[in-house]
Amino acid sequence: PVSEASLPQVDLSDLPDLGGVEALTLASAPTAPSAPSPVRLKPASESILCADFIQWASTYSGPFFNFIHCDFPYAAGAGRPDSQINVSGDHALYEDSPETFWKLCQCLMDSMNNVIAPSAHLMIWYQSGKFKAVRDFFLDYAKQYDLTVFQIPLIWHKSDGSGVVSDPVRRPRHVYESAFMISRGDRTIVRPVADVYACPISRQIHPAEKPQAMLKHFFQMFVSPSTRMLDPTCGSGTSLRAAESLNAGLTFGFGLDPRFAKEG
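An account of the accompanying structure is given in this report. (Residues numbered from 1 in each chain as written. Predicted model: local features only at pLDDT ≥ 70, side-chain atom pairs only at ≥ 80, totals over all residues. Heavy atoms only, no water.)

This brings us to the overall build of the protein chain. Along its length, the protein chain carries eight helices and nine strands. Here the protein chain, with 264 residues, has 51% of them falling under the buried criterion. Taking as baseline every contact in the protein chain between residues at least 6 positions apart, the subset at least 24 positions apart corresponds to 74%. If you sum the accessible surface of the protein chain, you get close to 12400 Å²; carbon and sulfur atoms cover 54% of it. (Helix = DSSP H or I, 4+ residues; strand = E, 2+ residues; numbered from the N terminus. Buried < 20%, exposed > 50% of the residue type's maximum accessible area, 1.4 Å probe, protein only. Contact = heavy atoms within 4.5 Å. Areas by Shrake-Rupley, 256 points an atom, 1.4 Å probe, with all protein chains shown as cover.)

Set out below in structure tokens:
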């Protein structure tokens, strides 16, 4: 596969404002820093663009991203006022349907060659009952885009026991969420971590917010100072804050609701 180092540098003029980043080079696979360096935490206004990722991705022309974190709405019920995972107030609702999930997955594949680096990692959260469907979707693109879809998922166990009971007389409470780890161009990880992490849920701002501590645990595999991270549906930005706490070189996300970004 083509290495990032062999690619020409790209003019930054087409890249949206990413918080004062003056230069961005196409670097090789991430490596662990030799010594600790200061953590650079940015306000949400500098790393979250309130726009539609699907519209942006189709016309984007600029530097590639080498870590893509995807927490697409996957019909968990956050879009229903009566959902068990909902929160009170007018922040409670957002579009949450299978159609939205698959539309975003398709956009990600359609924009692979203009958004995602030839050497990259993708982390894709999905509805646990849809393991085979989601796996097979990405496997269909494996040869075309040099993808390796790891068959064992990353798991967040909700240690406070919260979760959804879809059928209280027939099924147990579902207390974990799963994510696929995908490598493009056989990209190596920074360091191995456990594939299960336990912590309570976090709904401080967004009804389907992923806890920063959990994300930081898994992101240790992917994030270093050479990381250029993109989150197409970042909500309140906990994924961006987690990557920044690991000294990611650049973090950038999309959110349709400016209230989540403002409070993130």
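Turning our attention to the pairing of strand E3 (residues 116–126). For E3, the tally of buried residues reaches eleven of eleven residues, placing the bulk of the element in the interior. Across five bridges, strand E2 (residues 65–70) lies against E3 in parallel orientation. Note that in E3 the partner of Cys70 across the bridge is Ile124. (Pairing = 2+ DSSP bridges.)

For Phe252, the position within the fold is in strand E9 (residues 250–254). The class for Phe252 is buried, based on a relative accessible area of 1%. In sequence terms Phe252 and Asp231 are 21 residues apart; their C-alpha atoms lie 6.4 Å from each other.

It is worth spelling out the nonpolar core at this point. Of all hydrophobic cores here, the largest spans 35 residues; its most connected members are Phe53, Trp56, Phe65, Leu108, Met109, Phe138 and Leu230. With six residues, the single largest contributor to this core is helix H2 (residues 98–110). Among residues more than four places away in sequence, those in contact with Phe138 are Cys105, Leu108, Met109, Ile124, Leu147, Val149 and Ile182. (Core = buried A, V, L, I, M, F, W, Y, C linked by side-chain atoms within 4.5 Å.)

This part takes up the pattern of salt bridges. Using the criterion set out here, one finds seven salt bridges in the structure. Between Glu177 and Lys210 there is a salt bridge, and its shortest N-O distance comes to 3.0 Å. You can see Glu177 sitting in strand E6 (residues 176–184) and its partner Lys210 sitting in the loop between strand E7 (196–199) and helix H6 (212–219), a full 33 residues away along the chain. Across the pair, exposure class does not vary: Glu177 and Lys210 are buried alike. A salt bridge links Arg241 to Glu244; the shortest N-O distance between them is 3.0 Å. Of the two residues, Arg241 and Glu244 are both situated in helix H7 (residues 238–245); the distance of three residues between them amounts to about one turn of the helix. The exposure classification of Arg241 matches that of Glu244, with both residues buried. (Salt bridge = Lys/Arg side-chain N within 4 Å of Asp/Glu carboxyl O.)

Taken as a whole and assessed by the stated rule, the structure comprises 20 aromatic pairs. Between the aromatic rings of Phe131 and Phe180, the centroid separation amounts to 5.2 Å while the plane-to-plane angle is 40 degrees, which identifies the pairing as tilted. Of this pair, Phe131 sits in helix H4 (residues 131–139) while Phe180 sits in strand E6, and the two are 49 residues apart along the sequence. The class for Phe131 is partly exposed, based on a relative accessible area of 25%. Given the relative accessible area of 0%, Phe180 is considered buried. Members of the aromatic cluster, connected to one another through ring pairs, are Phe72, Phe101, Trp102, Phe137, Phe138, Tyr141 and Tyr145. When the ring centre of Trp156 is taken as reference, the NZ or CZ atom of Lys158 above it lies at 5.2 Å. (Phe/Tyr/Trp six-rings, centres within 6.5 Å; stacked < 30°, edge-to-face > 60°. Lys NZ or Arg CZ within 6 Å of the ring centre and 35° of its normal.)

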